Amino acid sequence: MPQSGRDNASADGPRPAAEGALALAVDNLRAYYLMHYFGVEREVRAVDDISLVVRRNEIYGIAGESSCGKTTFLKTIAAAVRPPLTVIGGSARYGFVDRDIYALSPAELSAIRWRRLSYITQGSMNVLNPVRRVRQSFVDFAFRHMKLNRRAFFAAVEQHLQRLRLTANVLDAYPHELSGGMKQRVTIALATICHPDFIIADEPTTALDVIVQKDVLAMIRDAQQQFGSSMLFVTHDMTVHANIADRLGIMYAGRLLEEAPTIEIFKNPMHPYTAHLVASLPRIGEQSRKESLSGAPPNLADPPKGCRFHPRCPLAMDVCREASPALTTLAPGHRVACYSASPLVKPSATAERASRAEPVGMVP
Amino acid sequence: MAGYALYVLRRFGQFLLVVFVGINIAFFVTHATPIDPITSAIAAATRFSQADPQAVQMTRVALRELYGLQGSLWEQYVAFWMRVARADFGPALSAFPTPVSTLIWRALPWTFGLLSVATLIAWGLGNLLGGLAGYYRRNVMLKVFGVVASGLQPIPNYVMAFVVLVLFGYVWPILPITGSAQINLAQGWTFAYFHSVFQHALLPVLSLVLVGTGAWFIGMRALVSNIVTEDYVTYAELGGVDHRRILLSYVMRNALMPQVTGLALSLGLIFNGAVITEVVFGYPGLGNLLIRAVYAGDYSLVIGIASMSIIAVAFAALVIDLILPLLDPRVRVA
Amino acid sequence: MLRILKDLLRYNREFALGAFLVLLIVAMSLASFFSPYPSGMQYVVPFDMPPSWTYPFGTNSRGQDVFWQLTFAIRNSLLFGITVAFLSRVLALAVGLISGYIGGMVDRILMSINDTFVVFPPFPILVLVYFIFKDHMSWALLAVAMASLGWPYDARLIRSVALSLRTREFTTQSLFSGMSTRQILVEEHLPYVLPIVFATTMNNINWSIGLEVTLSVIGFTNIETPTIGTMIYWANQHTALVAGVWWWIAFPVGLVIMTFIGLYLLSVSMNEYIDPRSRLSRMGGTA
């Protein structure tokens, strides 16, 4: 099996997949929170039948409001699934591994974590061990992968920091001694030190002010270009996506509504929800009033039948209330799940598969 | 570093305050009562016999001087504090003329030894097992231990000591149940002596450990369950950091501070438990000394022990409070 | 509140067990009102009879029926524990709420006092009190003494709750709408603080009964009043264990251990219910 140029298959972890393959392929992934409490069963459908691919060396953005399931999706993709979160069905396959990530043993998972797949998280206020200096975090996360002696390791770390324009003395600090922006940049350096194939970024700029945001985004872009990682970037902020994402997927209530290259999303949104998101961004010189959508995002424990968006959709038809539309390719690289976008869109075969437990409604 | 020096000063000030207030309470409790200790002492002495009124009067004067009860309240107060400053609580009536301080110094090492050993084991073991139980939630053995700990924890020290005494003294008599060492064995740095001391300490320590471990276990388990949901732990798991490393360096190390603080706050109760256990097992520490002093009506000794207890516990709390900032880099002591 | 109790009873095993044990204890203490023998009397039944149908818990060397004596004992011990818990709650609530809410210098002074009292070992001090008052020692005095030593730990807990409540929005709203400090404390904050107070009350009752038992067994309380501790005291005086009258000790000890475990389970399950993170783990998560 041909090997990717950068790695040594037998020494670290499971075997990689073929050259030229996708960085990540997600198929019909479902992950629910299953809970029983005082006699009541509850099932929150946070990730409900999502299929997408991320190509090598691209940044795929996911946009959506709060509680649409973005973070759960990322946790699931990173195989950080702890009860009550359970993977119900589907698969997620990375380019550097020949099997579904859920089929890997704990030892194999541990081998690929950080070396192949790393994670940048929101806020980074509290992601570093507060009682240890920053250098210890680097040792904990990366030392076992780099296979260098201590001195060479720290030299490599300092070199890496320099490339990302951070000073080496940040290593001697405790996390609480760093500012929010600094912490985020250190975390990005930490996440990229092993030159991973895939980076998952969960709202990395959300808790920062605009000026720091600009720096952090530049750093992320820089790192991605230098090390050639593929990225899944999640944020609700459309302007950040405009800045950094190559392709964009719009998520709502646990489902993907639309997916296209970023330019296309902004120029030609085909789903009413996307159109609303794009229209709500202020443009220079614009003076018109912005309308907000009526209603609120659905309760994921008891989502509406059919298309999840239909209660708030100005274009809702009868068929929208019956069956969920399938994500259909309507233009090159542009997929949409909306009946009113085109008659080509048909009901999804996979979306309405019954879940394991019958949802019984809300907890008292 | 200047911040730490200031902290030490402030904390030491608190220590002095505690000692001052505590001993004042002891003083005023004894002096604010309508009961005259001298009258009760004399009544106790003359209960079964007639006494020459002149002898009674002389005894009264002597006792008055001994108890430091002559002069006005203010003069007594000043005299009392001057003696306390010299650690002089006067002679012990029940062991006249041995000074109270001597008796206390003889008993203190036994209490201290019992206390430290039992606390170290209970705190250490309880925290270790509690940490494991909080992290490895599915482990059956740890769950069983948790149930046992919950069952043992609410039982007060006296009852536990009593049950241990009955179990090992009567039902299954394999260990000695009184004293600190074999009576006819000479004190000294010999193996035989240490062996005997060890044997005699086993039951009191066991009793204290049984009660104490449960409390630390349950507290630590709850603490660890919360820490496990902290961002830095989930991030470390996402990073594939070795689980043992996470347990030690991320979870336990962060649980350490609250538990050390808890130790400082519980010292009063722990000392309490040790003293009570001594009484049950006839262990020659402060507890036993206190009880015998009460039975003998030994005023000076009782006040001495009460004061000494307060000082000892306050001091231990001071030491722990001074160590705490050194453990936690986040605490800014400025 | 009633629904919470019903839910707890049905789904929380610890709470159900604790409630059951406590109910048993309360039933025992209520039975004391039906006792055929008044509590103080001795020599009303034959000595040292082992447990049988006529004397379910046997009789002791003072000629008393252990069962009926125990009903008085548990009633008195329980009443004593509740009294101490009540008094120390009042203190703890007062100090904790005032300290947490007003903050500043008042907070520092109160916490200094708190830190002073938390370090006092209760036993030597109570022994000293007994020593001074000897035969004039009453249960009321002992209760007051214990309450003044048992408040600091819980005052701290309440203070931290008050601190967090102080910064929440509904407090500033109440302030702006003109409520006085006392009003805010009593009407707005108390409902949040009460569940924690409930849990600590159980603990405090355990603590005070434990201390009462300890002092009584050594004989440092009014030994004529039947309590769990004094029963054991008299048993020791008559060397019950050596004489083989084990039921005189076993039943009081067994009953009081049941009390401790029952109250403890109640306090723990209440705590767990209040804490949202532990609730999540009960729902099937690992949080």
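As the structure is a prediction and not an experimental result, all values here were calculated from the model.

Draft legend 1. View of the overall build of chain B. Across its full length, chain B holds twelve helices and zero strands. Tracing chain B from N to C terminus, the helices and strands come up as α-α-α-α-α-α-α-α-α-α-α-α. Expressed along its principal axes, the backbone C-alpha trace of chain B runs to roughly 90 × 55 × 40 Å. Looking at the 334 residues of chain B, the share that counts as buried comes to 40%. Summarising the internal contacts of chain B: among those between residues at least 6 apart in sequence, 73% fall at separations of at least 24.

Draft legend 2. Spotlight on the overall build of chain C. Each helix and strand counted, chain C has 13 helices and zero strands in total. Start at the N end of chain C and walk to the C end: the helices and strands fall as α-α-α-α-α-α-α-α-α-α-α-α-α. In chain C, which comprises 287 residues, the proportion classed as buried is 46%. Within chain C, contacts between residues at least 6 apart in sequence are counted, and of these 68% link residues at least 24 apart.

Draft legend 3. Expanded view of the interface of chain B and chain A. If you look at the interface, chain B gives 18 residues, while chain A gives 19 residues. For the side of chain B that touches chain A, the secondary-structure elements that each account for two or more residues are α9 (231–238) and α10 (243–281) of chain B. Sort the elements by how many residues they give to the side of chain B that touches chain A and α9 of chain B lands first, with six residues. By residue class, the composition of the side of chain B that touches chain A is seven nonpolar, four polar and seven charged.

Draft legend 4. Spotlight on the nonpolar core. With 256 residues, the main nonpolar core has Leu 232 of chain A, Val 251, Val 302 and Ile 305 of chain B together with Leu 128 of chain C as its most contacted residues. Residues from two domains meet in this core; each of domain 1 (2–95) and domain 2 (100–303) of chain B gives at least three.

Draft legend 5. Molecular detail of the sheet that holds strand β5 (residues 117–120) of chain A. All names here are of chain A. Taken in spatial order, the eight strands make up an open sheet running β5-β6-β7-β3-β8-β9-β11-β10, and their pairing is mixed. Single-partner strands in this sheet number two, and they are β5 and β10 (328–331). The mean inter-strand angle of the sheet, taken between neighbouring strand axes irrespective of direction, is 25°. One ladder, built from five bridges, connects strand β6 (residues 198–202) with strand β7 (residues 230–234); its direction is parallel. Paired with Ile 200 across the bridge in β7 is Leu 232. Across the sheet, helix α5 (residues 180–192) is in contact with β5 and β6; its angle to β5 comes to roughly 175°.

Draft legend 6. The arrangement of the interface of chain B and chain C in detail. Taken together, the contacts link 44 residues of chain B with 37 residues of chain C. Of all elements in the fold, only α1 (2–31), α7 (157–171), α8 (191–227), α10, α11 (286–295) and α12 (299–327) of chain B reach the threshold of two or more residues within the side of chain B that touches chain C. The class makeup of the residues in the side of chain B that touches chain C is 30 nonpolar, 13 polar and one charged.

Draft legend 7. Spatial organisation of the domain arrangement of chain B. Domain annotation of chain B identifies domain 1 (2–95) and domain 2 (100–303). Its C-alpha centre places domain 1 of chain B at a distance of 33 Å from the equivalent point of domain 2 of chain B.

Draft legend 8. Representation of the packing of α1 of chain B against helix α4 (residues 104–119) of chain C. Orientation of α1 of chain B relative to α4 of chain C, taken along the N-to-C sense of each, is 65°, at an axis distance of 9 Å. Our pair here, α1 of chain B against α4 of chain C, has a crossing hand that is right-handed. Across the interface between the two elements, Gln 14, Leu 17, Val 18 and Val 21 of chain B of α1 of chain B pack against Ser 112, Asp 115, Thr 116 and Val 119 of chain C of α4 of chain C.

Draft legend 9. Layout of the confidence of the model for chain C. All names here are of chain C. Within chain C, residue pLDDT values average 83, and 91% of them lie at 70 or more. The secondary structure element of chain C with the lowest average pLDDT is helix α13 (residues 276–282), at 59, and the one with the highest is helix α6 (residues 139–147), at 91. Both confidence scores are given for the complex: pTM 0.80, ipTM 0.80.

Draft legend 10. Inspection of unusual backbone geometry at higher detail. Residues and elements named next belong to chain A. The phi dihedral of Asn 28 is positive, around 45°, even though this residue is not glycine. Along the chain, Asn 28 turns up in strand β1 (residues 24–37). A positive phi angle is found at Lys 147, which is not glycine, with a value near 55°. Positionally, Lys 147 belongs in the loop between α3 (134–146) and α4 (150–163). Owing to 11 C-beta atoms within 10 Å, Lys 147 belongs among the exposed residues under this scheme.

Draft legend 11. Representation of the packing of α4 of chain C against helix α7 (residues 152–166) of chain C. All names here are of chain C. Two elements in contact, α4 and α7, have axes separated by 8 Å at closest approach and are oriented at 145°. Two secondary-structure elements touch here, α4 through Asn 114, Phe 117 and Val 118 and α7 through Pro 152, Tyr 153, Ala 155 and Arg 156. Of the residues in the contact of α4 with α7, the class split is five nonpolar, one polar and one charged.

Draft legend 12. Fine view of the environment of Leu 29 of chain A. Considering the arrangement of structural elements, one finds Leu 29 of chain A in strand β1. For the pair Leu 29 of chain A and Ser 91 of chain A, spaced 62 residues apart in the sequence, the C-alpha separation amounts to 5.7 Å.

Draft legend 13. Fine view of the pairing of β7 of chain A. Residues and elements named next belong to chain A. Within β7, five of the five residues are buried, leaving the element largely enclosed by the surrounding structure. The two faces of β7 match: Ser 230, Leu 232 and Val 234 on one face and Met 231 and Phe 233 on the other face are all buried. For strand β3 (residues 59–63) and β7, the ladder comprises four bridges, and the chain directions are parallel. Across the sheet, the residue bridging to Tyr 60 is Leu 232, located in β7. In this fold, the crossover linking β6 to β7 by way of helix α6 (residues 210–227) has right-handed handedness.

Draft legend 14. Structural context of the environment of Asp 115 of chain C. With respect to the helices and strands, the residue Asp 115 of chain C is situated in helix α4. The spacing of Asp 115 of chain C and Arg 156 of chain C is 41 residues in sequence and 9.4 Å in space, taken between C-alpha atoms.

Cut-off values and rules
- Residues numbered from 1 in each chain as written.
- Chains lettered and ligands numbered in written order.
- Predicted model: local features only at pLDDT ≥ 70, side-chain atom pairs only at ≥ 80, totals over all residues.
- Helix = DSSP H or I, 4+ residues; strand = E, 2+ residues; numbered from the N terminus.
- Buried ≥ 20, exposed ≤ 12 C-beta atoms within 10 Å, placed from the backbone.
- Contact = placed C-beta atoms within 7 Å.
- Nonpolar A, V, L, I, M, F, W, Y, C, P; charged D, E, K, R; others polar.
- Core = buried A, V, L, I, M, F, W, Y, C linked by C-beta atoms within 7 Å.
- Domains from an automatic or database assignment.
- Pairing = 2+ DSSP bridges.
- Axes fitted to C-alpha atoms, helices over the stretch in contact; angles between N-to-C directions.
- Left-handed = near helix turned anticlockwise from the far one by under 90°.
- pLDDT = per-residue confidence, 0-100.
- Right-handed = clockwise from strand over helix to strand, strands pointing away.

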